[in-house]
Amino acid sequence: MLLEGMKPYDPKLAKIYEEKGIWQKEIFPQIFDRMAERLWDREALVGGDDRYTYGEVKLGSDRLALQFLKIGLKHGDRVILQLPNIPEFVFIWIALQKIGVIPVMCLRQHRYSEISQIAAKADAIGYFTAGVTEKFNYNELVEQVAADLPKMKYKFVAAKGQVAPKGYYDIHELLKEKLEEEPGAQETLRKALPDPHDVGILHLSGGTTGTPKLIPREYNAYVYVALESSRELGYNMYTVQLAVAPVAHNMVLAAPGIQGAYLFGGKVVMGQSTHPDEICKLIEKEHITHIPMVPAMLINMLNFKDRDKFDISSWKIVVNGASKLEPVVASRVEKELPCRLISQFGMSEGVITNTVLGDPE
């Protein structure tokens, strides 16, 4: 399925990619579910005090996918996904893919001026938020945006402990109903599964002026980026990835990101604070091995005076992305931190490059 204004891959190239096995001809949830069957009781996802196994994430995403279909979402629909780094994001992200609903990846700091235009461009009919946080009432933002867009009728509150306003669906309530156990449920999911050539996600451009542009990515290509970048960085079933930079960023989600960790049977820890103290606590507690970071976060870690109070020896790789890390700073990383520095350059449109483990300094 093509979106208006989208330029597809050259059919001849797409055929070559498939024939050579570069594209897997399946979408990420298919790979995840297969991994879950192997690692059913293995821990897959951590967020705060909540811990979930591969089996629980598989069943939960099935459940939500069926709930979304029951509610009225369908293949090709676009929805705004504006969530912090909470475990519910993973359940929702996988569930949406299972039925071909396309999330528009928005940042927490986006407000009406950005979201209203993004939602209009995407022709979005749904909106997922965390609800009311300490600093901002996202429900009010949803109402402002929906007032201008009559099609936006599906509203969801995802964060734990929230009270969903009238007209909103509570993700945690939806997760309680075991729809996946009902007769015909698995056949319904099988029929809803999108084609690997379909658009699976809309990222936002990182331009400094004007409203962000929408960047469509096909399932095939998005799996490929996660697979190859994670392989180059030594991801395996013992990888523990900390998602502490915004999860809406391509680097944190799939380059190699959350998807990369799951492709190899690893674990994902969701972190909401970028303060070095909180990051060090999570590294020590969860034995974190891989962390995608932006330069400001990495610099803060280097300059954090109390770092030696924590055992961060499990940390093997830091992926620097979003902007260049100056050489004088980069040279400090492997001298002062226990991890190897990987520099990543790329764009959400698809071209991702990064240094690899065997590269010289």
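Residues numbered from 1 in each chain as written. Predicted model: local features only at pLDDT ≥ 70, side-chain atom pairs only at ≥ 80, totals over all residues. Heavy atoms only, no water.

So, the packing of helix H2 (residues 28-38) against helix H3 (residues 54-71)
Link 1 in the chain: Put simply, H2 and H3 touch, their axes get as near as 8 Å, and they point 140° apart. Here H2 is positioned oblique relative to H3, judged by the angle of their axes. Between H2 and H3 lies a crossing whose hand is left-handed. Contacts between H2 and H3 involve Phe32, Asp33, Met35, Ala36 and Glu37 from the former and Tyr54, Val57, Lys58 and Asp62 from the latter.
Link 2 in the chain: Considered class by class, the residues forming the contact of H2 with H3 number five nonpolar, no polar and four charged. (Axes fitted to C-alpha atoms, helices over the stretch in contact; angles between N-to-C directions. Helix = DSSP H or I, 4+ residues; strand = E, 2+ residues; numbered from the N terminus. Parallel < 35°, antiparallel > 145°, perpendicular 65-115°, else oblique. Left-handed = near helix turned anticlockwise from the far one by under 90°. Contact = heavy atoms within 4.5 Å. Nonpolar A, V, L, I, M, F, W, Y, C, P; charged D, E, K, R; others polar.)

Description of the side chain of histidine 110
Link 1 in the chain: For histidine 110, the position within the fold is in the loop between strand E4 (102-105) and helix H5 (112-122).
Link 2 in the chain: Engagement of the side chain of histidine 110 in a polar contact is seen with the backbone nitrogen of leucine 107, the distance being 3.0 Å.
Link 3 in the chain: Not counting the four nearest positions on each side in its chain, histidine 110 is found in contact with Gln82, Ile115, Ile118, Leu141 and Leu204. (Polar contact = N/O pair within 3.5 Å; in protein donor to acceptor, adjacent residues only side chain to side chain.)

Re the pattern of salt bridges
Link 1 in the chain: As enumerated under the stated definition, the model contains 22 salt bridges in all.
Link 2 in the chain: Glutamate 26 is the salt-bridge partner of arginine 34, the closest N and O atoms lying 2.8 Å from each other.
Link 3 in the chain: Residue classification places arginine 34 among the partly exposed residues on the basis of a relative accessible area of 45%.
Link 4 in the chain: For glutamate 26, a relative accessible area of 14% corresponds to the buried category.
Link 5 in the chain: Between aspartate 33 and lysine 98 there is a salt bridge; the shortest N-O distance is 3.1 Å. Separated by 65 residues along the polypeptide, aspartate 33 in helix H2 and lysine 98 in helix H4 (residues 87-98) bring together distant segments of the chain. Like lysine 98, aspartate 33 is buried.
Link 6 in the chain: One connected set of salt bridges, linked through shared partners, spans Asp33, Lys58, Asp62 and Lys98. (Salt bridge = Lys/Arg side-chain N within 4 Å of Asp/Glu carboxyl O. Buried < 20%, exposed > 50% of the residue type's maximum accessible area, 1.4 Å probe, protein only.)

Looking at unusual backbone geometry
Link 1 in the chain: Look at the link from alanine 255 to proline 256: it is a cis peptide, with omega at -5°.
Link 2 in the chain: Tracing the chain through its elements places proline 256 in the loop between helix H10 (250-254) and helix H11 (257-263).

Observations concerning empty space enclosed by the protein
Link 1 in the chain: If you walk through the whole model with that rule in mind, you get one cavity of 30 Å³ or more.
Link 2 in the chain: Its boundaries defined by the atoms lining it, the largest cavity holds a volume of some 60 Å³.
Link 3 in the chain: Lining the largest cavity, in full, are Phe28, Trp93, Gln97, Gly200, Ile201, Arg217, Glu218, Tyr219, Tyr222, Val223 and Gln259.
Link 4 in the chain: When residues of the lining of the largest cavity are traced back to their parent elements, those giving at least two are H4, strand E8 (199-204), strand E9 (214-218) and helix H9 (219-232).
Link 5 in the chain: In terms of residues, the lining of the largest cavity owes the most to one element, H9, which gives three residues.
Link 6 in the chain: Across the lining of the largest cavity, the residue classes break down as six nonpolar, three polar and two charged. (1 Å grid on protein atoms, 1.4 Å probe; cavity = no way out; pocket = protein on both sides within 12 Å on 5 of 7 lines; lining within 4 Å. Points joined across faces, edges and corners; volume = space filled by probe spheres on them.)

Some points on the layout of surface pockets
Link 1 in the chain: In this structure, the largest pocket occupies an estimated 1,100 Å³ of space.
Link 2 in the chain: For the lining of the largest pocket, the secondary structure elements donating two or more residues are strand E1 (43-47), H4, strand E11 (267-270) and helix H12 (276-286).
Link 3 in the chain: Here the lining of the largest pocket gets five residues from one element, more than from any other, and that element is H12.
Link 4 in the chain: Looking at the lining of the largest pocket residue by residue, the class counts come to 18 nonpolar, ten polar and twelve charged.

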